[in-house]
Amino acid sequence: RAKESGRDRYEVFDKAMHQQALERLQLESDLRRALEQQEFVLHYQPIVELVTQRLVGFEALIRWQHPERGLVYPDTFIAVAEDSGLIVPMGTWVLQAVCQQLRIWQAVAGSAALTVSINLVGKQLKSPNFVTQLDAILAETGLVGECLDLEITESTLLENTESIKTSLLQLRERGLQISIDDFGTGYSSLSYLHQFPINTLKIDRTFVQQMSHGKKDDSIVQTIITLAHTLHMEVVAEGIETTEQLDRLKALNCELGQGYLFARPLDQEQADHWVNRACSS
Ligand code: C2E
Ligand code: MG
Ligand code: MG
Ligand code: MG
């Protein structure tokens, strides 16, 4: 009997695994179709200078405008896109769309200093055509590298492969900025931060959100800010939701931030509005 129930359990497990595998395959083929049908859109979350609340740029965040399911958020599909390799063509689309948008915004007088941040995974940086493609897109849109900021995570840095190092150096040569996203949640050591050309640390929002709950948790944010400044990097605080958090970050000399307190990720029309307002004031 024991043997039998063991086999039953195995069959249930096997079925669940099978179901999961099917769902993944389905998602993968949906994503492939979505890419062909151009169902992805970008939302743009303002990044502001904390002291003046002046707009300095946006972070581009991908969404999937699904014909039946409505707006689908990246946490549900980026991992599958990454595993399947679809992240590479998807990333090329993001880069193209961002550069076209930036060109339009730069044509609005005075907005030339706007920077747009793009999220990248290791697979994109390692793809042999990445820098060549970037060059082509920059040439096509007539943009300079300085207006792009590429966000990578600590785990991408930790891969520490030659191809990633080479790509980052080539990006630096072209004037692009490099940020470490979700900083503090990974395992990057000081030596990694030192080996790569990094401009900015983005403090993960979990640390920012802990700040309102007692002084003790301030220390992580404080440490990251001090670390960044010691290494001559800028700091962006993610996920600022309250004026209490804002005031504390300003007191700690954090220069930049983003979060619902200023704006949620905006569709293109709302982002246009922010750009127009920033340029007319
Ligand atoms: P991320 O790069 O850390 O982006 C910040 C996330 O925090 C966004 O979620 C944003 O909507 C959310 N957020 C911003 N301010 C606040 C706030 O005040 N409170 C709270 N609770 N959340 C806030 P989103 O748009 O769902 O993106 C999730 C993740 O998906 C991103 O995290 C990024 O890792 C990834 N992602 C988004 N777009 C792309 C893309 O084009 N390519 C790649 N490879 N990854 C992307
Ligand atoms: Mg990011
Ligand atoms: Mg982040
Ligand atoms: Mg994240």
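Residues numbered from 1 in each chain as written. Chains lettered and ligands numbered in written order. Predicted model: local features only at pLDDT ≥ 70, side-chain atom pairs only at ≥ 80, totals over all residues. Heavy atoms only, no water.

Caption draft 1: Structural detail: the overall build of the protein. Looking only at helices and strands, the protein has 12 helices and nine strands in total. In terms of C-alpha radius of gyration, the protein reaches 21 Å, essentially the compact-globule figure of 19 Å for 281 residues. Each of the three principal axes of the protein carries a C-alpha extent, and together these read 75 × 50 × 40 Å. A total of 281 residues make up the protein; the buried ones form 44% of that total. For the protein, the accessible area works out to roughly 14,800 Å², and carbon and sulfur atoms hold 51% of it. (Helix = DSSP H or I, 4+ residues; strand = E, 2+ residues; numbered from the N terminus. Rg over C-alpha atoms; globule rule 2.2 N^0.38 Å. Buried < 20%, exposed > 50% of the residue type's maximum accessible area, 1.4 Å probe, protein only. Areas by Shrake-Rupley, 256 points an atom, 1.4 Å probe, with all protein chains shown as cover.)

Caption draft 2: The pairing of strand 7 (residues 200-203), seen in detail. Residue alternation in strand 7 divides its side chains into two sets, Thr200 and Lys202 and Leu201 and Ile203, and both sets are buried. As judged from the three bridges shared by strand 6 (residues 177-183) and strand 7, these two strands associate in the parallel manner. Each bridged residue has a counterpart across the sheet, and for Ser179 the counterpart in strand 7 is Thr200. Between the parallel elements strand 6 and strand 7, the chain passes through helix 8 (residues 190-195) in a crossover that is right-handed. (Pairing = 2+ DSSP bridges. Right-handed = clockwise from strand over helix to strand, strands pointing away.)

Caption draft 3: Just the coordination of the magnesium ion (ligand 2), in detail. Protein coordination of the magnesium ion (ligand 2) is provided by Glu59 (OE), Asn119 (OD1), Glu151 (OE) and Asp181 (OD), with donor distances spanning 2.0 to 2.3 Å. Between consecutive donors of the magnesium ion (ligand 2), the numbers of intervening residues give the motif E-x59-N-x31-E-x29-D. Distance-wise, the magnesium ion (ligand 3) is placed 3.9 Å from the magnesium ion (ligand 2), both being coordinated by Asp181. One end of the pair, Asn119, is in strand 4 (residues 115-119); the other, Glu151, is in strand 5 (residues 148-153), with 32 residues separating them in the sequence. (Donors = N, O, S within 2.8 Å, 3.2 Å for Na, K, Ca; no water.)

Caption draft 4: A look at the pattern of salt bridges. Here the structure, examined in full by the defined rule, presents 10 salt bridges. Ionic pairing is found between Glu159 and Lys126, a salt bridge with its closest N-O pair at 2.5 Å. Of the two residues, Glu159 is situated in helix 6 (residues 154-159) and Lys126 in helix 4 (residues 122-126); the sequence distance between them amounts to 33 residues. For Glu159, a relative accessible area of 34% gives the class partly exposed. Between Glu173 and Arg174 there is a salt bridge; the shortest N-O distance is 3.9 Å. The exposure class of Glu173 is exposed, given its relative accessible area of 65%. For Arg174, a relative accessible area of 27% translates into the label partly exposed. When salt bridges with common partners are traced through the structure, they connect Glu59, Glu151 and Lys202 into a single cluster. (Salt bridge = Lys/Arg side-chain N within 4 Å of Asp/Glu carboxyl O.)

Caption draft 5: Quick look at the site of ligand 1. Surrounding ligand 1, one finds 26 residues, the nearest of these being Arg63, Asn119, Asp181, Glu241 and Tyr260. Separating an oxygen atom of ligand 1 from a side-chain N or O atom of Glu238 is a distance of 3.3 Å. In the model, an oxygen atom of ligand 1 is placed 2.8 Å from a nitrogen or oxygen of the Tyr260 main chain. Coverage of ligand 1 by the protein amounts to 86% of the 800 Å² it exposes when considered alone. For the shell around ligand 1, the leading source of residues is strand 2 (residues 55-66), giving four residues. A breakdown of the residues in the shell around ligand 1 according to their chemical character gives 11 nonpolar, six polar and nine charged. (Near = heavy atom within 4 Å. Polar contact = N/O pair within 3.5 Å; in protein donor to acceptor, adjacent residues only side chain to side chain. Nonpolar A, V, L, I, M, F, W, Y, C, P; charged D, E, K, R; others polar.)

Caption draft 6: Spotlight on helix 7 (residues 162-173). Its 12 residues give helix 7 an end-to-end C-alpha distance of 16 Å, which sits within 8% of 16 Å, the value for a rise of 1.5 Å per residue. For helix 7, the full list of buried residues reads Ile164, Ser167, Leu168 and Leu171. The buried residues of helix 7 occupy an angular sector of 100 degrees when projected down its axis, which confines them to one face. Along helix 7, exposed side chains directed more than 90 degrees from the buried face belong to Glu162 and Glu173. Structurally, helix 7 contributes buried residues whose contacts are with helix 4, helix 5 (130-141), strand 5, helix 6 and strand 6. (Expected span 1.5 Å × (residues − 1). Arc of directions from axis to C-beta. Contact = heavy atoms within 4.5 Å.)

Caption draft 7: Layout of the environment of Ile178. Structurally, Ile178 is set in strand 6. For Ile178, a relative accessible area of 1% gives the class buried. Remark: the alpha-carbon pair of Ile178 and Ile62, spanning 116 residues in sequence, is separated by 19 Å. With near-sequence residues (within four places) excluded, Ile178 lies in contact with Leu150, Ile152, Leu168, Leu171, Pro197, Ile198, Asn199 and Thr200.

Caption draft 8: Structural detail: helix 12 (residues 268-280). The end-to-end C-alpha distance of helix 12, which contains 13 residues, comes to 18 Å, matching closely the 18 Å that a straight helix rising 1.5 Å per residue would cover. Taken together, the buried positions of helix 12 are occupied by Ala271, Trp274 and Val275. Buried residues of helix 12 fall within an arc of 95 degrees about the axis and therefore sit on the same side. Among the exposed residues of helix 12, those oriented more than 90 degrees off its buried face are Glu269, His273 and Ser280. Its buried side turned inward, helix 12 meets strand 1 (40-49), strand 2 and helix 3 (87-107).

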